[in-house]
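Descriptive analysis of the structure
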Amino acid sequence: MKDQESQTLLPDFMIIGAIKAATTWLNVQIQNHPDVYLPDPEPHYFSREFARGPEWYAEFFNDAQPGQLVGEKSADYLSDPHAAERISRVLPSIPFIAQLRDPVDRAYSDYCMLYRRGTIRGAPEDYLDPTEATFRRFLDNGLYATHLRRWLSVFDRKQMLVFLFEDIRARPSSVLDETCRHLGLAPMAQGVALATKVNDSAAPLLPLAIRRFAQPAKNLVKPLRGTRMFERFRGLLARPVEYPPLSPDLRARLKDYYAPEVEELSKMLNRDLSRWLPGDQSEDPAASAPRDGNARLTAVNSR
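Here's a quick rundown of the structure. (Residues numbered from 1 in each chain as written. Predicted model: local features only at pLDDT ≥ 70, side-chain atom pairs only at ≥ 80, totals over all residues. Heavy atoms only, no water.)

1. Section: unusual backbone geometry
- With omega at 10°, the peptide bond leading from Gly17 into Ala18 counts as cis.
- Its identity as a non-glycine residue notwithstanding, His44 has a phi of 55°, on the positive side.
- Here His44 is to be found in the loop between β4 (36-37) and α2 (54-58).
- Exposure remark for His44: the relative accessible area of 12% places this residue in the buried category.
- One non-glycine residue, Asn270, lies in positive phi territory at about 55°.
- Note on placement: Asn270 falls in the loop between α13 (248-269) and β8 (295-296).
- What makes Asn270 exposed here is its relative accessible area of 63%. (Helix = DSSP H or I, 4+ residues; strand = E, 2+ residues; numbered from the N terminus. Buried < 20%, exposed > 50% of the residue type's maximum accessible area, 1.4 Å probe, protein only.)

What follows is the structure in structure tokens.
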């Protein structure tokens, strides 16, 4: 653990994104390590909550035990324009982990997440058309080369470990082993069960009107969650969410939009990312994963 001049507890490492690239999966796995403390909620301190101050941020780590390595995950740090510079001022030497996903799939998955929550209601074309969309979160978060250049302008490339979504699907144990090495941790005990899925977008959900009506009582019913009666009642009302599909035409336009970024990222990671480029029709999501299951950044725009 680090004790900065402000005497507030700060993290020893960070999982910085990208959103909808299995960062929650990694967070859950690392929480199983006895020498690590990772809070469940994402602080988003160095992005959208910076005005709350370091004392507020330190409260996320109050339950850490002496000697534990303290970390945090905020999946929006990678794409946030201010996070890297803010972090570099107080934590210039900590290791980072970034996880990247085909930017088209990531954008659509992010869209589905907010659609599921009821935050947005329009069709994918309203939010994912590169030439017309005014709400840019879904599109901009997939500009990985641009974001990594910003991080490498203030951090040494050796501090950054980068995985692809395909790596996690193909060889999750190797990803976890490499993560432990990057953080200076002993390997996870053999036989530890790996969670295979989190944030399941296919799970049934209560209708939006009911969720909004019940929101004020969320904390009151929290103790009932998981009980047989509660889950039986919820099962009577919950329904699968029907997501508007991503059309082949829009997918093709998104592939073209991201192509320059993907080509630059391929050079930065020294990895074949042709599956993310226009025209690729292969179906094996693990085809581009290297033997060691991870990618380290090459010396592109870095210290």
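The discussion continues.
2. Observations regarding the environment of Asp63
- Its place among the elements puts Asp63 in the loop between α2 and β5 (69-73).
- We classify Asp63 as exposed; its relative accessible area is 54%.
- C-alpha separation for the pair Asp63 and Leu38, spaced 25 residues apart in sequence, amounts to 9.4 Å.

3. Concerning the pairing of β5
- The element β5 is extensively covered by neighbouring structure, given that 5 of its 5 residues are classed as buried.
- Of the two faces of β5, both are covered, the one formed by Leu69, Gly71 and Lys73 as well as the one formed by Val70 and Glu72.
- In the sheet, strand β3 (residues 13-17) pairs with β5 via 3 bridges, with the strands oriented parallel. When the bridges of β5 are listed, Met14 appears paired with Glu72. (Pairing = 2+ DSSP bridges.)

4. Comments concerning the side chain of His147
- Relative to the helices and strands, His147 resides in helix α7 (residues 144-152).
- Judged by its relative accessible area of 5%, His147 falls in the buried class.
- A polar contact is formed between the side chain of His147 and the backbone oxygen of Asp140, at a distance of 2.8 Å.
- A distance of 3.1 Å separates polar atoms of two side chains, one belonging to His147 and the other to Arg150.
- Excluding residues that lie within four positions of it along the chain, His147 makes contacts with Leu78, Ser79, Asp140 and Asn141. (Polar contact = N/O pair within 3.5 Å; in protein donor to acceptor, adjacent residues only side chain to side chain. Contact = heavy atoms within 4.5 Å.)

5. Examining the environment of Asp80
- Tracing the sequence through the fold places Asp80 in the loop between β5 and α3 (83-90).
- Excluding its chain neighbours within four sequence positions, the residues that come into contact with Asp80 are Phe46, Ser47 and Arg150.

6. Quick look at the packing of aromatic side chains
- Summed over all chains, the structure comprises 22 aromatic pairs.
- With 5.2 Å between their ring centres and 40° between their planes, Tyr45 and Phe50 make a pair best called tilted.
- The exposure class assigned to Phe50 is partly exposed, which follows from its relative accessible area of 27%.
- Each member of the aromatic cluster is reached from another via a ring pair, and the members are Tyr45, Phe46, Phe50, Trp56, Tyr57, Phe60, Phe61 and Tyr77.
- We note Arg101 situated over the ring of Phe165; from NZ or CZ to the ring centre the distance is 4.3 Å.
- We note Arg121 situated over the ring of Tyr115; from NZ or CZ to the ring centre the distance is 4.3 Å. (Phe/Tyr/Trp six-rings, centres within 6.5 Å; stacked < 30°, edge-to-face > 60°. Lys NZ or Arg CZ within 6 Å of the ring centre and 35° of its normal.)

7. Comments concerning the nonpolar core
- Among the nonpolar cores identified, the biggest contains 61 residues, and Met14, Tyr77, Leu100, Leu128 and Trp151 are the most heavily contacted of them.
- Ignoring anything within four residues of it in the chain, the contact list for Trp151 reads Ile16, Tyr77, Leu78, Ala83, Ala84, Ile87, Phe96 and Met160.
- Within the second largest apolar cluster, 20 residues are counted, among which are Leu26, Phe163, Cys180 and Met188. (Core = buried A, V, L, I, M, F, W, Y, C linked by side-chain atoms within 4.5 Å.)

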